[in-house]
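# Report on the structure
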Amino acid sequence: MEAKTKVWLAEDGKPIIGAGKVELLKAIDEEGSLRKACEKMDISYKHAWNVLNKISERLGKDVVTTVRGGKSQGTFLTDEGRKLISEYEMNRKFINNTMEDEGSWENIGLAISARNKIPATVIGVETEGLVSKVRLEIDPSALTSIITSEAVERLNIKEGDKVFAIIKSTEVLIGKEMNKD
């Protein structure tokens, strides 16, 4: 079984754009024509205009502009339309990366593979601005994890705490069971 997510951007609780609407904007950008974008996506012209009007209405700005007549006629994305695609893609990438990152699952209280989770004791914490060095004792050895000072504060990590060293191929994370009071 695997977790799935859907991403959409909203304003005041009202959805503005999701994957399908982003694909419409991208098709318009590629084709330079709403009619051609509709053919490519197999949707009606009227439906596409309704979608574009609703996006623009909720956003308060036009996401496309139409030029009629001449060689440069067509439907084109505005800067706002391009920004919307960019913001959607950035958020979608962040969500997808979070879903794939076992450390993120640990941060929200979900278990990760036991073979990568080693009990340890904190034997030192050095905070230097945004970064902290947390020294862990894993009998008979010790290791140092470089994590954000924000993570140290959020987990309330201090010398003597019982924690878990979470080993990934690229990093050593720290997890701590939080009191459920």
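One structure accompanies this document, and this report is about it. Keep in mind the model is a prediction, meaning the values are calculated, not measured. (Residues numbered from 1 in each chain as written. Predicted model: local features only at pLDDT ≥ 70, side-chain atom pairs only at ≥ 80, totals over all residues. Heavy atoms only, no water.)

## Examining the pairing of strand β3 (residues 64-67)
- One ladder, built from four bridges, connects β3 with strand β4 (residues 74-77); its direction is antiparallel. Following the sheet pairing, T65 is matched in β4 by F76.
- Turn length for the β3-β4 hairpin, with the two strands adjacent in sequence and antiparallel, is six residues, and the turn residue G69 shows positive phi of about 80 degrees. (Pairing = 2+ DSSP bridges. Helix = DSSP H or I, 4+ residues; strand = E, 2+ residues; numbered from the N terminus.)

## Re helix α3 (residues 45-59)
- Between the first and last C-alpha of α3 there are 21 Å, a value that for 15 residues agrees with the 21 Å anticipated at 1.5 Å per step.
- When α3 is considered as a whole, its buried residues turn out to be A48, V51, L52, I55 and S56. Looking straight down α3, one finds its buried side chains confined to an arc of 125 degrees; they lie on one side. Relative to its buried face, α3 has exposed residues pointing more than 90 degrees away, namely K46 and E57.
- Positive phi appears at G60, one or two residues downstream of α3, with a value of about 80 degrees. (Expected span 1.5 Å × (residues − 1). Buried < 20%, exposed > 50% of the residue type's maximum accessible area, 1.4 Å probe, protein only. Arc of directions from axis to C-beta.)

## Points about the nonpolar core
- If you look at the biggest cluster of nonpolar residues, it comprises 22 residues, and the most contacted ones within it are I17, L25, I28, L52 and L84.
- Going through the elements one at a time, β2 (14-18), α1 (19-31), α2 (34-41), α3 and α4 (79-100) are the ones with two or more residues in this core.
- Element by element, the count of residues in this core is highest for α1, at five residues.
- When neighbours within four sequence positions are excluded, I17 is seen to be in contact with W8, L9, V22, L25, I55, L84 and Y88.
- Of all hydrophobic cores here, the second largest spans 12 residues; its members include V134, L136, I147 and V163. (Core = buried A, V, L, I, M, F, W, Y, C linked by side-chain atoms within 4.5 Å. Contact = heavy atoms within 4.5 Å.)

## Looking at the side chain of D161
- Turning to its location among the elements, D161 is positioned in the loop between α6 (149-155) and β8 (162-167).
- Looking at D161, its side chain comes within polar contact range of the main-chain nitrogen of K158, at 2.8 Å.
- Look past the residues within four positions of D161 in its chain and what remains in contact with it is A120, T121, V122, N156 and K176. (Polar contact = N/O pair within 3.5 Å; in protein donor to acceptor, adjacent residues only side chain to side chain.)

## Some thoughts on unusual backbone geometry
- A positive phi is found at D42, a non-glycine position, where the angle reads about 60 degrees.
- Positionally, D42 belongs in the loop between α2 and α3.
- One non-glycine residue, N156, lies in the positive phi region at around 55 degrees.
- With respect to the element layout, N156 can be found in the loop between α6 and β8.
- By relative accessible area, N156 is classed as partly exposed at 44%.

## Some remarks on the packing of α1 against α2
- α2 packs onto α1 with a crossing angle of 125 degrees between their chain directions and a minimal axis gap of 8 Å. As summarised for this structure, α1 and α2 are arranged oblique, according to the angle between their axes. In the crossing of α1 with α2, the sense of the turn from one axis to the other is right-handed. Together, G20, E23, L24, A27, I28, E30 and E31 of α1 and L34, K36, A37, K40 and M41 of α2 make up the contact between the two elements.
- Tallied by class, the residues present in the contact of α1 with α2 amount to six nonpolar, one polar and five charged. (Axes fitted to C-alpha atoms, helices over the stretch in contact; angles between N-to-C directions. Parallel < 35°, antiparallel > 145°, perpendicular 65-115°, else oblique. Left-handed = near helix turned anticlockwise from the far one by under 90°. Nonpolar A, V, L, I, M, F, W, Y, C, P; charged D, E, K, R; others polar.)

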